[in-house]
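These are the residues of each chain, in order.
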Amino acid sequence: MDLAYIPSPSTGVINLGPIPLRGYAFCIIIGVFVAVWYGNKRWIARGGTAGTVADIAVWAVPFGLVGGRLYHVITDYQLYFSEGENWVDAFKIWEGGLGIWGAIALGAVGAWIGCRRRGIPLPAYADAIAPGIALAQAIGRWGNWFNQELYGRPTDLPWALKITESANREAGTYHPTFLYESLWCVGVALLVVWADRRFKLGHGRAFALYVAAYCAGRAWIEYMRVDEAHLVLGLRLNVWTAIVVFLLAVVYMVVSARVRPGREEIVEPKTDKTGKTDAATAGKADDADAGDEPEDTAPKADSDEDVEHGAGNGAGSAAKS
């Protein structure tokens with residue numbers, strides 16, 4: 001008899017009149033809002049302008065969603081393109097299935113486009129939003145709880161997750177890997193915030209720390225899961241992905257610290273009321289000053305000379321008199 005366990009929702013959809021509110025989508029949306037809100041606070045603290053993070057997120061979020069779905073569909077193609085499966089289900093993102101690896105990779109492309117349009121260095125932007133992304137993942141993982149998916153091995157621990165019977169799953173109590181990853185992501189966010197304050201991370205190193213720390217947790221959490229996955233040398237594909245990405249992130253931190261130590265002093269060029277950057281305005285002002293200087297100083301010098309001659313002539317006349 002199970003003395004304690006985490007219950008699963010009886011349904012992943014709440015109907016608000018004619019509008020269905022899906023728990024999975026709701027968690028993703030809340031996570032995005034938290035990431036943008038917290039990223040904006042950090043961006044302003046770094047000297048950026050309010051609203052810039054949201055403007056770039058308009059590019060990054062759609063790219064990230066597409067990338068996450070593509071990674072899931074490609075790595076789990078048998079769920080959609082095998083015999084008896086409906087390929088149209090590949091587009092039903094609300095039923096779950098977003099690969100964080102694809103989301104971050106293609107989301108970075110969208111962020112790069114947004115940063116280019118604003119004249120902002122991508123590494124500085126990535127550092128600002130890194131903890132927010134970890135928090136968004138922590139919130140988004142609860143979408144798996146609504147869908148009763150991505151749980152671990154059977155267990156009778158007090159915090160076991162109770163799964164109900166369905167066509168694709170067997171009733172029982174399992175390790176709540178969604179909860180493990182959610183808590184791990186909160187810890188990653190706290191780690192990045194602390195390290196950023198302590199060591200003044202810059203040039204993308206805060207983001208690399210987030211990636212490395214997340215991968216370290218994802219590797220052991222992924223190893224606990226029992227859902228179907230491709231195996232490479234006896235390990236799940238996502239475990240290998242986590243290992244490779246972890247090593248790349250660590251190498252980036254080490255090399256970046258040697259090549260570009262310190263932190264960016266300016267992360268975003270300020271704009272004036274006309275929409276021009278400070279650099280352009282300053283350059284125009286310098287040119288104006290350089291062009292006006294002869295007109296202002298030359299007449300003044302002539303005037304001074306005339307005064308001296310006038311004074312001398314006046315003194316000479318007075319002496320003759």
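Enquirer: What exactly am I supposed to notice about the overall build of the chain here?
Expert: Each helix and strand counted, the chain has ten helices and six strands in total. Counting across all 321 residues of the chain, residues that qualify as buried make up 38%. For the chain, the accessible surface area stands at approximately 18,500 Å², while carbon and sulfur atoms represent 65% of it.

Enquirer: Sorry, what's going on with the packing of aromatic side chains here?
Expert: Any aromatic ring pair is given by two values, namely how distant the centres are and how the planes are angled relative to each other. On inspection of all chains with the given rule, the structure shows twelve aromatic pairs. Plain terms: the ring middles of Trp87 and Phe91 are 6.2 Å apart, the flat faces sit at 75 degrees to each other, and that makes the pair edge-to-face. Under the relative-accessibility criterion, Phe91 is labelled exposed at 61%. Against the face of Tyr5 rests Lys162, its NZ or CZ located 5.2 Å from the ring centre.

Enquirer: Even after reading the chapter, I still don't get the pattern of salt bridges, so can you show me in this structure?
Expert: Side-chain pairing between opposite charges can occur once the charged atoms of the two side chains come close. For the coordinates displayed, the defined rule picks out 13 salt bridges. Residue Asp227 pairs with Arg225 through a salt bridge whose shortest N-O separation is 3.0 Å. Exposure remark for Arg225: the relative accessible area of 11% places this residue in the buried category. Taking the shortest distance from any N to any O, the salt bridge between Asp227 and Arg236 comes out at 3.3 Å. On the basis of relative accessibility, which here comes to 10%, the residue Arg236 falls in the buried class.

Enquirer: Where do I start with the pairing of strand E2 (residues 19–22) in this structure?
Expert: Regular strands show a simple pattern: their side chains alternate between the two faces of the sheet. Pairing between strand E1 (residues 13–16) and E2: four bridges, direction antiparallel. Residue Asn15 lies in a different strand from E2, and its bridge partner there is Pro20. Hairpin connection from E1 to E2: two residues lie between these consecutive antiparallel strands, with Gly17 at a positive phi of about 70 degrees.

Enquirer: Is there a simple way to explain the nonpolar core in this structure?
Expert: Here is a general trend for soluble globular proteins: nonpolar side chains tend to be buried in one another's company. In terms of nonpolar packing, the biggest core is built from 42 residues, with Trp43, Trp101, Tyr125, Val192, Phe207 and Tyr210 touching the most fellow members. Elements with a minimum of two residues in this core: helix H2 (52–75), helix H4 (100–118), helix H5 (122–140), helix H7 (177–199), helix H8 (205–224) and helix H9 (237–259). The element that contributes the greatest number of residues to this core is H8, accounting for eleven residues. If we ignore the near neighbours within four places in the chain, the residues touching Trp43 are Gly48, Thr49, Thr52, Val53, Ile120, Ala124, Tyr125, Ala128, Val267 and Glu268. Grouped together as the second largest cluster of nonpolar side chains are seven residues, Trp145, Tyr151, Leu161 and Tyr174 included.

Enquirer: Teacher, can you tell me more about a nonpolar patch on the surface here?
Expert: A cluster of nonpolar side chains, contributed by Ile243, Phe246, Leu247, Val250, Val251, Val254, Val255 and Val259, occupies part of the molecular surface with about 630 Å² of accessible area. Relative to the helices and strands, Ile243 resides in helix H9. You can call Ile243 partly exposed: its relative accessible area is 34%.

Enquirer: Got a minute to help me understand the environment of Pro9 in this structure?
Expert: For Pro9, the position within the fold is in the segment before E1. Note on Pro9: relative accessible area 13%, which makes it buried. Ignoring anything within four residues of it in the chain, the contact list for Pro9 reads Trp145, Phe146 and Gln148.

Enquirer: Even after reading the chapter, I still don't get unusual backbone geometry, so can you show me in this structure?
Expert: Excluding glycine, residues mostly carry a negative phi; peptide bonds, for their part, are mostly trans. Unusually for a residue other than glycine, Leu150 sits at a positive phi of about 60 degrees. Looking at the element boundaries, Leu150 is found in the loop between helix H6 (142–147) and strand E3 (161–163). In this structure, His203 is a non-glycine residue whose phi angle is positive, near 55 degrees. On the secondary structure map, His203 appears in the loop between H7 and H8.

Enquirer: Where do I start with the side chain of Gln137 in this structure?
Expert: By the element assignment, Gln137 lies in helix H5. On the basis of relative accessible area, Gln137 is assigned to the buried category, the value being 10%. Setting aside residues no more than four positions away along its own chain, Gln137 makes contact with Ile100, Glu181, Cys185, Tyr210 and Tyr214.

Calculation criteria
Residues numbered from 1 in each chain as written. Predicted model: local features only at pLDDT ≥ 70, side-chain atom pairs only at ≥ 80, totals over all residues. Heavy atoms only, no water. Helix = DSSP H or I, 4+ residues; strand = E, 2+ residues; numbered from the N terminus. Buried < 20%, exposed > 50% of the residue type's maximum accessible area, 1.4 Å probe, protein only. Areas by Shrake-Rupley, 256 points an atom, 1.4 Å probe, with all protein chains shown as cover. Phe/Tyr/Trp six-rings, centres within 6.5 Å; stacked < 30°, edge-to-face > 60°. Lys NZ or Arg CZ within 6 Å of the ring centre and 35° of its normal. Salt bridge = Lys/Arg side-chain N within 4 Å of Asp/Glu carboxyl O. Pairing = 2+ DSSP bridges. Core = buried A, V, L, I, M, F, W, Y, C linked by side-chain atoms within 4.5 Å. Contact = heavy atoms within 4.5 Å. Patch = residues over 30% accessible without salt bridge, like charges linked within 9 Å, V, L, I, M, F, W, Y side chains within 5 Å.

Nothing here speaks to function; it is all geometry.
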